[in-house]
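Residue strings, one per chain:
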Amino acid sequence: MVKIFGAIIIIIATTWAGFEAARHLNERPRQLRQLKSALQSLEAEIMYGHTPLHEAARRLAAQLSKPLSTFFESFAKKLTYSETTVKDAWEQSLKEIWKMTALKQGEFEIMKQFGETLGRHDRTSQQKQIMLTLAHLEREEADAYDKQTKYEKMVKSLGFLSGLLLIILLM
């Protein structure tokens, strides 16, 4: 009886681990789509709304879900309440939330580079920078989607099957 109960616990735990890994694979393309959408909204605020950066970031934070809303909220607060450059506020905000996201180091570098140009150019140059960043994120999203379709089912199965293997080895 104890062996059966232990086997059930092992199967549940390893299957859960597999589904959690699959959720992470599923979350990355979704967050990249959200990030691209946020940058497009930022572009609209800058180009057509002539909105100050801190106000645009605050509006984006209200529109997005976590963890990206936390990023823009932190960025807006840093711009409003501290004596810092846009680049530093952007980078600090990125570092604060990065561990909460499903995004990879490549996306971090793209966003960091974008933050270095943010607010330093006229509106037309800023729009070109946003377009360049969106193109990079588009490439990363395609990669994330490929990985999701290739590995999501496999990771789920691997969780369950590793549990079965562990049970067989322990019996």
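Reading the values: rules and limits
Residues numbered from 1 in each chain as written. Predicted model: local features only at pLDDT ≥ 70, side-chain atom pairs only at ≥ 80, totals over all residues. Heavy atoms only, no water. Phe/Tyr/Trp six-rings, centres within 6.5 Å; stacked < 30°, edge-to-face > 60°. Helix = DSSP H or I, 4+ residues; strand = E, 2+ residues; numbered from the N terminus. Buried < 20%, exposed > 50% of the residue type's maximum accessible area, 1.4 Å probe, protein only. Salt bridge = Lys/Arg side-chain N within 4 Å of Asp/Glu carboxyl O. Arc of directions from axis to C-beta. Contact = heavy atoms within 4.5 Å. Axes fitted to C-alpha atoms, helices over the stretch in contact; angles between N-to-C directions. Parallel < 35°, antiparallel > 145°, perpendicular 65-115°, else oblique. Left-handed = near helix turned anticlockwise from the far one by under 90°. Core = buried A, V, L, I, M, F, W, Y, C linked by side-chain atoms within 4.5 Å. Nonpolar A, V, L, I, M, F, W, Y, C, P; charged D, E, K, R; others polar.

Naming follows an unreviewed UniProt entry, where the protein chain appears as Stage III sporulation protein SpoAB of Cytobacillus praedii.

Visitor: When you look at the packing of aromatic side chains in this model, what are you seeing that I'm missing?
Guide: Ring pairs (aromatic) are described by centroid distance and by the angle formed between their planes. Considering all chains together, one arrives at seven aromatic pairs under this definition. Judged by centre distance (4.8 Å) and plane angle (85°), the rings of Phe 71 and Trp 90 are edge-to-face. Of this pair, Phe 71 sits in helix α3 (residues 68–81) while Trp 90 sits in helix α4 (residues 86–97), and the two are 19 residues apart along the sequence. Each of the two residues, Phe 71 as well as Trp 90, counts as buried. Geometrically, the ring pair formed by Phe 75 and Trp 90 is edge-to-face, given 5.0 Å between the ring centres and 90° between the ring planes. Placement of Phe 75 in helix α3 and of Trp 90 in helix α4 is noted, with a sequence separation of 15 residues between them. Of the two residues, Phe 75 and Trp 90, neither departs from the other in class, the shared state being buried.

Visitor: Which parts of the structure should I look at to understand the pattern of salt bridges?
Guide: Oppositely charged side chains can form a pair if their charged atoms are brought close together. Counted by the stated rule, this structure contains 16 salt bridges. In this structure, Arg 58 and Glu 55 form a salt bridge, with 3.8 Å as the shortest nitrogen-oxygen distance. Pair noted here: Arg 58 and Glu 55 are both in helix α2 (residues 53–63), with a separation of three residues, about one helical turn. Since its relative accessible area comes to 27%, Glu 55 is described here as partly exposed.

Visitor: I tried to follow α2 on my own but got confused; where do I start?
Guide: An α-helix turns once every 3.6 residues. As a result, residues three or four positions apart point the same way. Where α2 is concerned, the buried positions are Leu 53, Ala 56, Ala 57, Leu 60 and Ala 61. Each buried residue of α2 lies within a common arc of 140° when the element is viewed along its axis, so the set occupies one face. On its buried face, α2 is in contact with α1 (2–47), α3 and α4.

Visitor: What should I look at first to understand the packing of α4 against helix α5 (residues 105–117) in this one?
Guide: Each packed pair of helices is defined by two parameters, the angle between the axes and the distance between the axes. At a minimum axis distance of 8 Å, the contact between α4 and α5 shows a crossing angle of 160°. Relative to α5, the element α4 is oriented roughly antiparallel. Once α4 is placed against α5, the crossing between them reads as right-handed. Two secondary-structure elements touch here, α4 through Lys 87, Trp 90, Glu 91, Leu 94 and Lys 95 and α5 through Phe 108, Met 111, Lys 112, Phe 114, Gly 115 and Glu 116.

Visitor: Help me out: how do you make sense of the nonpolar core in this one?
Guide: Nonpolar side chains in soluble globular proteins tend to be buried together. Core analysis: the largest hydrophobic core is formed by 32 residues, its most contacted members being Leu 39, Leu 42, Phe 72 and Trp 90. In terms of residue count, the dominant contributor to this core is α1 (six residues).

Visitor: It is not clear to me how the packing of α1 against α2 should be interpreted in this structure. Could you clarify?
Guide: Following both chains from N to C, one finds α1 and α2 inclined at 140°, their axes separated by 10 Å at the closest point. With respect to the hand of their crossing, α1 and α2 are arranged in right-handed fashion. In this structure, α1 contributes Ala 38, Ser 41, Leu 42, Glu 45 and Ile 46 to the contact, and α2 contributes Leu 53, Ala 56, Arg 59, Leu 60 and Gln 63. Residue classes in the contact of α1 with α2 are distributed as six nonpolar, two polar and two charged.

Visitor: Would you explain the side chain of Glu 141 in this entry?
Guide: Among the structural elements, Glu 141 can be located in helix α6 (residues 123–170). Ignoring sequence-local partners within four residues, the contact set of Glu 141 consists of Pro 29, Leu 32, Arg 33 and Lys 36.

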